[in-house]
Amino acid sequence: MRLDKLISDSAALTRKEAAASVRAGQAAVNGIVVREPDCKVDPGIDSVVFRGVPLVWRKYIYAMLNKPAGYVSATDDRSLPYVLELFPPEYRKRGLFPVGRLDRDTTGLLVMTDDGQTAHRCLSPRRHVTKVYSFTCLSPLPPEAEKAFADGMTLGGEVCLPASLSPDESRTAGTVTLTEGKYHQIKRMFERLGNKITTLKRESFAGIPLDPSLAPGEWRELTKEETETLLAAAGTETPDE
Ligand code: URA
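This structure is a prediction, so every number in the text was calculated from the model and none was measured.

### So, the site of the ligand
Here is step 1 of the chain: Around the ligand, the structure places Leu102, Asp103, Thr106, Tyr133, His184, Gln185, Ile186, Lys187 and Leu200.
Here is step 2 of the chain: Interatomic distance of 2.8 Å between a side-chain N/O atom of Thr106 and an oxygen atom of the ligand.
Here is step 3 of the chain: Between Ile186 and the ligand, the recorded distance is 3.1 Å, taken from a backbone N or O atom to a nitrogen atom.
Here is step 4 of the chain: Here the ligand, which alone exposes 240 Å², has 95% of that area covered by the protein.
Here is step 5 of the chain: The element best represented in the shell around the ligand is helix H6 (residues 185-192), accounting for 3 residues.
Here is step 6 of the chain: By residue class, the composition of the shell around the ligand is 4 nonpolar, 3 polar and 2 charged.
Here is step 7 of the chain: Both domains that furnish three or more residues to the shell around the ligand are identified here as domain 2 (62-125 + 206-234) and domain 3 (130-205).

### Side note on the nonpolar core
Here is step 1 of the chain: With 32 residues, the main nonpolar core has Met112, Phe135, Phe149, Leu165, Val176, Ile186 and Phe190 as its most contacted residues.
Here is step 2 of the chain: Looking at which domains feed residues into this core, each of domain 2 (62-125 + 206-234) and domain 3 (130-205) supplies at least three.
Here is step 3 of the chain: Leave out the neighbours within four places in its chain, and Phe190 touches Phe135, Cys137, Leu141, Phe149, Leu165, Val176, Asn195 and Ile197.
Here is step 4 of the chain: Of all hydrophobic cores here, the second largest spans 17 residues; its members include Tyr62, Ala206, Leu214 and Leu222.

### Quick look at the sheet that holds strand S4 (residues 53-54)
Here is step 1 of the chain: Taken together, the 4 strands give an open sheet; going across it, the order is S2-S1-S3-S4, and neighbouring strands pair in antiparallel fashion. The sheet is open, and its two edges are formed by strand S2 (32-33) and S4, each paired on a single side.

### A short note on the domain arrangement of the protein
Here is step 1 of the chain: According to the domain assignment, the protein contains domain 1 (3-54), domain 2 (62-125 + 206-234) and domain 3 (130-205).
Here is step 2 of the chain: The C-alpha centroid of domain 2 is placed 28 Å from the C-alpha centroid of domain 1.
Here is step 3 of the chain: Between domain 1 and domain 2 lies a buried interface of about 340 Å² when both sides are counted; carbon and sulfur atoms form 51% of it.
Here is step 4 of the chain: At the surface where domain 1 touches domain 2, the tally comes to 0 salt bridges.
Here is step 5 of the chain: Across the side of domain 1 that touches domain 2, the residue classes tally to 3 nonpolar, 3 polar and 1 charged.

### As for the pattern of salt bridges
Here is step 1 of the chain: Under the counting rule described, the total for this entry stands at 14 salt bridges.
Here is step 2 of the chain: Linking Asp114 and Arg94 is a salt bridge whose minimum nitrogen-to-oxygen distance equals 3.0 Å. Of this pair, Asp114 sits in the loop between strand S7 (107-113) and helix H4 (116-123) while Arg94 sits in the loop between helix H3 (89-93) and strand S6 (97-98), and the two are 20 residues apart along the sequence. Neither Asp114 nor Arg94 differs from the other in exposure class; each is buried.
Here is step 3 of the chain: Two residues, Arg220 and Glu226, come together in a salt bridge whose shortest N-O distance is 2.8 Å.

Rules and cut-offs
Residues numbered from 1 in each chain as written. Predicted model: local features only at pLDDT ≥ 70, side-chain atom pairs only at ≥ 80, totals over all residues. Heavy atoms only, no water. Near = heavy atom within 4 Å. Polar contact = N/O pair within 3.5 Å; in protein donor to acceptor, adjacent residues only side chain to side chain. Areas by Shrake-Rupley, 256 points an atom, 1.4 Å probe, with all protein chains shown as cover. Helix = DSSP H or I, 4+ residues; strand = E, 2+ residues; numbered from the N terminus. Nonpolar A, V, L, I, M, F, W, Y, C, P; charged D, E, K, R; others polar. Domains from an automatic or database assignment. Core = buried A, V, L, I, M, F, W, Y, C linked by side-chain atoms within 4.5 Å. Buried < 20%, exposed > 50% of the residue type's maximum accessible area, 1.4 Å probe, protein only. Contact = heavy atoms within 4.5 Å. Pairing = 2+ DSSP bridges. Buried area = accessible area lost by both parts, 1.4 Å probe. Salt bridge = Lys/Arg side-chain N within 4 Å of Asp/Glu carboxyl O.

Take a look at the structure:
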């Protein structure tokens, strides 16, 4: 790949800015200053230092965001805050997008990536990727609620896959585990029981728990192990490093 493309992909620079910086002698390949923006580099093999900092190139980026309430799960929106706004320019430039959607008022774990195939596969109901949510609801859940979730509820004529409901002793809070993601699914399931969700937070996705050190609005890249867990859930191969 071209040196200016690698720099522009890895830093918050346009291709033009990256090329100008290379011409100005701000990039070194394998320890030698290179001034040709079209110099061919292999990011997996060559060591590239830009403005004194070694560039780490990844084929894809995988990140976890602790989504705050009030943000839409989108890469752009005319009037509402959207999750991509919470990422710095170099990540936004890579074309990160959310793997699935959380409602505007839902908080918690949102995986973000630029790996379309893995995202697509994670969202396929056939893959049964697990999502665990903690909830609070308006009134105590009736004794038959667990069975109603486990049997697979019918919402708007569509039969849901079996889900797991684990209320705490109060029966107005607990966790729900889904292996699919229909529109407003949990809220609609609670409405079917004559109840109402008051708060909803995603605690884990594909077996990857939300990092408790992330405050709402904070994010970090997935660790190597978390990335492997995600790719295994999606059935995709580990991308070249
Ligand atoms: N179910 C919902 O109703 N909302 C969400 O955001 C996620 C699951």
